[in-house]
Amino acid sequence: MPKRVCVGCTALLTNDNISREHILPEWAAAEVNQPELSLKQYRHNEDTREDQLLRSHDLGSFAIKNVCERCNNGWMSNLEGSAKPIL
């Protein structure tokens, strides 16, 4: 399996430094609050032409794990903090 790296700084991701980065910040998800809306991830099978549902997330819980804690709590947090009053 290939090694995973942080999308912010390319540091090798390990159990000690990986973090969950919400696609939509939790504070913004509260403002948008659409419980009937969910994000779905499917796998398409070309042979059978069928889609298999892999995951379903509401807006507030959709997160990825390809960012290190340092980036998530550092420059990414600062960027979000600067954008929040504008948004």
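Residues numbered from 1 in each chain as written. Predicted model: local features only at pLDDT ≥ 70, side-chain atom pairs only at ≥ 80, totals over all residues. Heavy atoms only, no water.

Trainee: So what's going on with the overall build of the protein? Residues and values would help.
Mentor: The helix and strand inventory of the protein stands at three helices and four strands. Mapped in sequence order, the helices and strands of the protein form the string β-α-β-β-β-α-α. Compactness check: the protein gives a C-alpha radius of gyration of 16 Å against a globular reference of 12 Å for 87 residues, more than 25% above the reference. With the C-alpha coordinates aligned to their principal axes, the bounding extent of the protein is approximately 45 × 35 × 20 Å. Taken across its 87 residues, the protein has 18% of its residues classed as buried. (Helix = DSSP H or I, 4+ residues; strand = E, 2+ residues; numbered from the N terminus. Rg over C-alpha atoms; globule rule 2.2 N^0.38 Å. Buried < 20%, exposed > 50% of the residue type's maximum accessible area, 1.4 Å probe, protein only.)

Trainee: Provide a residue-level description of the layout of surface pockets, including the pertinent values.
Mentor: Of the pockets and cavities examined, the largest pocket occupies roughly 250 Å³. Forming the boundary of the largest pocket are 13 residues, of which Glu 21, Pro 25, Asn 72, Met 76 and Glu 80 lie nearest the centre. It is helix 3 (residues 75-83) that contributes the most residues to the lining of the largest pocket, five residues altogether. Residues belonging to the lining of the largest pocket are distributed by class as follows: six nonpolar, three polar and four charged. (1 Å grid on protein atoms, 1.4 Å probe; cavity = no way out; pocket = protein on both sides within 12 Å on 5 of 7 lines; lining within 4 Å. Points joined across faces, edges and corners; volume = space filled by probe spheres on them. Nonpolar A, V, L, I, M, F, W, Y, C, P; charged D, E, K, R; others polar.)

Trainee: For the side chain of His 22, give the residues involved together with the corresponding values.
Mentor: Here His 22 shows up in strand 1 (residues 18-22). When near neighbours in sequence (up to four residues on either side) are disregarded, His 22 contacts Gly 60, Ser 61, Phe 62 and Ala 63. (Contact = heavy atoms within 4.5 Å.)

Trainee: Lay out the pattern of salt bridges in plain terms, naming residues and giving numbers.
Mentor: Applying the stated rule across the entire model yields one salt bridge. Arg 49 is paired through a salt bridge with Glu 46; the nearest N and O atoms lie 3.1 Å apart. Accessibility expressed as a relative area gives 61% for Arg 49, which makes it exposed. You can call Glu 46 exposed: its relative accessible area is 53%. (Salt bridge = Lys/Arg side-chain N within 4 Å of Asp/Glu carboxyl O.)

Trainee: How would you summarise the pairing of strand 2 (residues 38-45) if you had to cite specific residues and measurements?
Mentor: One ladder, built from eight bridges, connects strand 2 with strand 3 (residues 50-58); its direction is antiparallel. If you follow Lys 40 over to strand 3, its bridge partner there is Ser 56. (Pairing = 2+ DSSP bridges.)

Trainee: With reference to specific residues and values, describe the environment of Thr 14.
Mentor: Tracing the sequence through the fold places Thr 14 in the segment before strand 1. On the basis of relative accessible area, Thr 14 is assigned to the partly exposed category, the value being 35%. The spacing of Thr 14 and Arg 70 is 56 residues in sequence and 12 Å in space, taken between C-alpha atoms.

Trainee: Can you break down the state of the cysteines residue by residue, with the values?
Mentor: By definition, a disulfide links two cysteine residues through a covalent bond between their sulfur atoms. Applying the stated criterion across every chain yields a total of zero disulfides. A disulfide-free cysteine, Cys 68 has its sulfur positioned 3.8 Å from the sulfur of Cys 71, the nearest such atom. Classification of Cys 68 by relative accessible area gives buried; the value is 3%. (Disulfide = S-S within 2.5 Å.)

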